[in-house]
Amino acid sequence: ETGIWPIVENGVLFPQQQNTPIEVKLERAGTISETLSKNYNIEYPPMDGFSQYITTIATEVGTFSTFEVYFKLNGKIQSRNSADKTQVQIEFATKNIDGETLFAIDLGKPEVSNLGETDCQEVTSGQEIYRMIGYGSTAVTSPANILIEFENNYAAAGAKEFKVLIPGIKTPETSNVLLRMQIIHKSYNSASNKWVTIQRMPRKSIFFTVPKTITSPTSVSVSPTITPNIVGATAVFQVAFNLPINLLEQSHDRIILKAKTFGFKAQEDGAKHLTNNVYSHKETSWYEVKLNANISSVSPYTLTITDFINGQYVIPDGVEFQIDIFKNTILRASYIFDKTAEALPNIIVASITPTTNLVANEPQKYTLFLDPYNLIPDNGQIVIDLPTTFQGLKPNCKVKTGLQDASCDGVNNNSILIGNFRRHEGVEISVDFEVSNPASVGVTQYFKMSTYTAEGGFLIDRNTQAFTVTIVGGLNFVDVKVLDILRSPRAFCGGTRGTVEIQLNLKSELKFSFTAGQSDKIKITFGPDWDPPSGELICYFNDPLTSFTYKGTKVKSQGCIWDKATGQAIIDVTEELNFTASRNIQLILTAKNGDGIYVPDQPGLRWVELETPKKEKAYIEAIIPPCPFSQFFPDQLIWDSGEAVSYTHLTLPTIYSVQISVVAVSLKKK
């Protein structure tokens, strides 16, 4: 009867096909007792000869199995987004004509809704497919189906070859029944709003159900290992167990690894993307080992999966796995293992701007950038914890990039909650927020951040040491005059040499000692891109109460050295001046031969660090202007901008005030 299949009495009629009368006569003892004459449908072209099949790895009742389906499609294939899309229907009968219950109407997948996406992967052509469960009913004529549609269009040049694996289908609970299945190739006719059958594989006998031999797995006091055991990481999975029988390659023999703990899912569907022909199935959390070599019975046998993708979030107390071993479609061994160790959250790469000019106690607008290792599921949550020294977090933070329709709220003064969003794959997330900086200066504690699932609030990624920022003292705006100097005149701006002047108000008393090397020191770190004079470095102290100019008191420090590697000047205090607390002291760094200290040639902001033996530390904002001179004559200076020189200085928290400026020059004719 190849190529001819009768229409079921109460089935679907395909009116576009021709009907042909066929007469059936029933003869008893040489006498015709009954004659049936009926029109039968001349069916659609069958799929190429023997180029289609359906197999199962399990024939025992009530057993979860993988079905392998192979077929070829003639003609063009239209994508699922096309008006006249192509569909392949794999039929699973729910009841036979004898009234026996066969496959469940949901195929044993109650967690998947009708027409919901399910596991099914194409493993031959590499074509991208979309797969759904079509629920059946308990009627003979209403089977359950796996429906396959295609993500791309394919031209009508020859037959297209496909092989799909459908895991997690539960075999019928009824013993000793024959299961017949078929494959139907359809195309949707958008003009008539009807499905049109193009080809079909006739119903074939696929397998005969048999009673179970193993009703429950054997517990094994062994924990599988996952290395590294980090959420979403590519790892090596290993577990040892007794292999009681020989298994053959290129057969129905299989080793199935299943995750039994709710919530664990293989994160990728993979067609031999793992070693040793291991197929991973995301929704069912199966890893199916289709042997590429014979395996002899051995104890223990170690299963190793080298491209194992770990779970998608932290499951408390670890994951329970089960191994099922099939030989000739019969379950021959089943083991359930102790739980794995709990996985660690993966990392979040993060940064923040700005990182300079962060002034104590001042309101500050920040932009935080974060890139989690794992995707955050829709409606998940991001929690960002600022150091507790930050206060007054504004509630109206804003997600700029990386998430769609995200809510963002500042709570409890220093936490940011982001939720109700859709995650964009591969796009960095950026968040704007405003908060008051800490009152204390120096390096803050670490910013922390975590991501969580929507359902259950399970931890995904975390970074408890994302970054710190450095807080400096409040700003004090001072106009610095252009001063006369006695030594060789030189314009002091970026890329030149000159004299550095620092005015400080000490918080604690500094003391001079007659014992060599025992005097208190002031350390000033300019940085390695500042250079000392070519000759001797000269360090002077002035008492502004006596004079604020170089023509007044100049007390030279007997200890004045420059560490070129670090760009640090170390200056001993002097006997002549009283370095008591709250005293204003002026410090001048110049050169004996007059060439002075070299300032970096790139204009802009530089941070200079000042430290005393009292563990007092401050950061001084040194603004280096571009050279303002277009010409330099003995009798005048011509400024490009025509404006007065003005610099911004910092008032330091540990030293009451510090001013640093560069000294430009003005020459006068004698």
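How each quantity is defined
- Residues numbered from 1 in each chain as written.
- Predicted model: local features only at pLDDT ≥ 70, side-chain atom pairs only at ≥ 80, totals over all residues.
- Heavy atoms only, no water.
- Helix = DSSP H or I, 4+ residues; strand = E, 2+ residues; numbered from the N terminus.
- Buried < 20%, exposed > 50% of the residue type's maximum accessible area, 1.4 Å probe, protein only.
- Contact = heavy atoms within 4.5 Å.
- Areas by Shrake-Rupley, 256 points an atom, 1.4 Å probe, with all protein chains shown as cover.
- pLDDT = per-residue confidence, 0-100.
- 1 Å grid on protein atoms, 1.4 Å probe; cavity = no way out; pocket = protein on both sides within 12 Å on 5 of 7 lines; lining within 4 Å.
- Points joined across faces, edges and corners; volume = space filled by probe spheres on them.
- Nonpolar A, V, L, I, M, F, W, Y, C, P; charged D, E, K, R; others polar.
- Salt bridge = Lys/Arg side-chain N within 4 Å of Asp/Glu carboxyl O.

Let us now look at the overall build of the protein chain. Helix and strand counts for the protein chain come out as zero helices and 49 strands. Here the protein chain, with 670 residues, has 48% of them falling under the buried criterion. Taking the intrachain contacts of the protein chain between residues at least 6 apart in sequence as the baseline, contacts between residues at least 24 apart amount to 70%. Total accessible area on the protein chain is roughly 31800 Å²; 49% of this is exposed by carbon and sulfur atoms.

With that settled, the discussion passes to the confidence of the model for the protein chain. Per-chain confidence: the protein chain averages 80 in pLDDT, with 79% of residues scoring 70 or above. In the model, residues 1-17 has pLDDT below 50 throughout and makes 25 contacts with residues more than four positions away in sequence or in other chains. Contacts of residues 547-552 to residues separated by more than four positions or lying in other chains number 14 contacts, the stretch itself having pLDDT below 50.

Rolling a probe over the atoms, with the probe sized like a water molecule, indicates the empty space that remains. Under the defined criterion, the tally for this structure stands at four cavities of 30 Å³ or more. If you add up the space inside the largest cavity, you get close to 80 Å³. Taken together, 14 residues form the lining of the largest cavity, with Phe264, Asn310, Tyr313, Val319 and Ala343 sitting closest to its centre. By residue class, the composition of the lining of the largest cavity is eight nonpolar, five polar and one charged.

Let's shift gears to the pattern of salt bridges. Across all of its chains, the model carries 14 salt bridges by this definition. Put simply, Lys170 and Glu173 hold a salt bridge, and the shortest N to O gap is 3.1 Å. The partly exposed category is assigned to Lys170, whose relative accessible area is 25%. On the basis of relative accessible area, Glu173 is assigned to the exposed category, the value being 51%. Lys400 is paired through a salt bridge with Asp432; the nearest N and O atoms lie 3.9 Å apart. Here the residue Lys400 occupies a position in strand E24 (residues 398-401), and Asp432 occupies one in strand E29 (residues 429-436), the gap between them amounting to 32 residues. Through salt bridges with shared partners, one network takes in Glu68, Arg254, Glu288 and Lys290.

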